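What follows is the residue order along each chain.
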Amino acid sequence: RPQQLKDDAGRAVDRALEHADRYRRHGALDGFALCSDYCFNTGPFLSPEMFGEFVTPYLTRLTAGYREMGFYVIKHTDGNIMPILDQLVASGPHALHSLDPQGGVDIAEVKRRVGERVCLIGNVNCGLLDTGTDEQVVASARYALQSGMPGGGYIFSTSNCIYTGMSLRRYELMLDVWRAEGDYD
């Protein structure tokens, strides 16, 4: 029942925009992080064609509505976003988060393809923060900085959230790299 799905999605966007308008009137927020994941490490949950039919139009309308109200919009999704990268960027967010190396997403390639159109956030490998060596953590943090920073439009971050049980020492190690190498001239 594809039409029912589209009708439901349209109503969900309408409700979200109604809530956002209330937040705007009360000055409660600066923006939204849209945290629906769309991908496995192997690729999108839906084919790019189906994504374009069932997700992109609604994501685009939601993002445009938020932006018209003056909100910032960050789109988050883990996994291999490369087959739908252009659709994600075309939906109009200010920033794109995760850029998940565990899903094969290379920040240097993303920067080359869309870095002038959207701010990039992330790419420090969370898996390595948990199970890698200190050298691997430093290398991942350094690669994210060296690949994301040129030309601006990059926010240093992990490829996902820092989860319960992750070593604080490893997180501090990542931040040490950022403190030493993450300043723009």
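Here, every reference points to the structure presented above.
What counts and what doesn't
Residues numbered from 1 in each chain as written. Predicted model: local features only at pLDDT ≥ 70, side-chain atom pairs only at ≥ 80, totals over all residues. Heavy atoms only, no water. 1 Å grid on protein atoms, 1.4 Å probe; cavity = no way out; pocket = protein on both sides within 12 Å on 5 of 7 lines; lining within 4 Å. Points joined across faces, edges and corners; volume = space filled by probe spheres on them. Helix = DSSP H or I, 4+ residues; strand = E, 2+ residues; numbered from the N terminus. Nonpolar A, V, L, I, M, F, W, Y, C, P; charged D, E, K, R; others polar. Axes fitted to C-alpha atoms, helices over the stretch in contact; angles between N-to-C directions. Parallel < 35°, antiparallel > 145°, perpendicular 65-115°, else oblique. Left-handed = near helix turned anticlockwise from the far one by under 90°. Contact = heavy atoms within 4.5 Å. Salt bridge = Lys/Arg side-chain N within 4 Å of Asp/Glu carboxyl O. Buried < 20%, exposed > 50% of the residue type's maximum accessible area, 1.4 Å probe, protein only. Pairing = 2+ DSSP bridges.

Asks: What exactly am I supposed to notice about the layout of surface pockets here?
Replies: As a volume, the largest pocket reaches approximately 270 Å³. For the largest pocket, the lining is made up of 15 residues, of which Val13, Ser36, Tyr38, Leu59 and Leu62 are closest to its centre. Looking at the lining of the largest pocket, the elements that each hand over two or more residues are helix 1 (2–26) and helix 3 (56–68). Grouping the amino acids of the lining of the largest pocket by side-chain chemistry returns 13 nonpolar, one polar and one charged.

Asks: Looking at this model, I keep getting lost on the packing of helix 7 (residues 134–148) against helix 8 (residues 168–181). Mind explaining?
Replies: In a packed pair of helices, the relevant descriptors are the angle between the two axes and the axis-to-axis distance. Viewed as axis vectors pointing N to C, helix 7 and helix 8 meet at an angle of 40°, and their least axial separation amounts to 9 Å. With respect to each other, helix 7 and helix 8 are oriented oblique. For the pair helix 7 and helix 8, the sense of crossing is right-handed. Facing Asp134, Val137, Val138, Ala141, Arg142, Leu145 and Gln146 of helix 7, the residues of helix 8 in contact are Arg169, Arg170, Leu173, Met174, Val177, Trp178 and Glu181. Partitioned by chemical class, the residues of the contact of helix 7 with helix 8 number eight nonpolar, one polar and five charged.

Asks: Please explain the pattern of salt bridges as it appears in this structure.
Replies: Pairing is possible between side chains of opposite charge, provided their charged atoms come close. On inspection of all chains with the given rule, the structure shows 13 salt bridges. For Asp14, the salt bridge is made with Arg61, and the minimal N-O distance between the two is 3.0 Å. Taken together, the residues Asp14 in helix 1 and Arg61 in helix 3 connect sequence positions 47 residues apart. On the basis of relative accessible area, Asp14 is assigned to the partly exposed category, the value being 36%. In this structure Arg61 comes out as partly exposed when scored by relative accessible area, which is 34%. In this structure, a network of salt bridges that share partners links the residues Asp21, Arg24 and Arg25.

Asks: Looking at this structure, how should I read the packing of helix 5 (residues 107–114) against helix 7?
Replies: It is at 9 Å that the axes of helix 5 and helix 7 come closest, and there the two elements cross at 15°. Relative to helix 7, the element helix 5 lies roughly parallel. Where helix 5 crosses over helix 7, the two elements pack in a sense that is right-handed. Contacts from Ile107, Ala108 and Lys111 of helix 5 reach helix 7 at Tyr143, Ala144, Ser147 and Gly148. Tallied by class, the residues present in the contact of helix 5 with helix 7 amount to four nonpolar, two polar and one charged.

Asks: Which parts of the structure should I look at to understand the sheet that holds strand 5 (residues 95–98)?
Replies: Strand pairing in a sheet is mediated by backbone hydrogen bonds. Such pairs are either parallel or antiparallel. If you trace the five strands from one edge of the open sheet to the other, you get 1-4-5-6-7, paired in parallel fashion. Every other strand in the sheet has two partners, leaving strand 1 (31–34) and strand 7 (154–155) as the edge strands with one partner each. Where strand 1 lies against strand 4 (residues 72–76), four bridges are found, and the strand directions are parallel. Within strand 4, the position partnered with Gly31 by the bridge is Tyr72. The sheet contacts of helix 5 involve strand 6 (119–122) and strand 7, and relative to strand 6 the element is tilted by about 165°.

It is worth stressing that arrangement in space is one thing and function is another; only the former is reported here.
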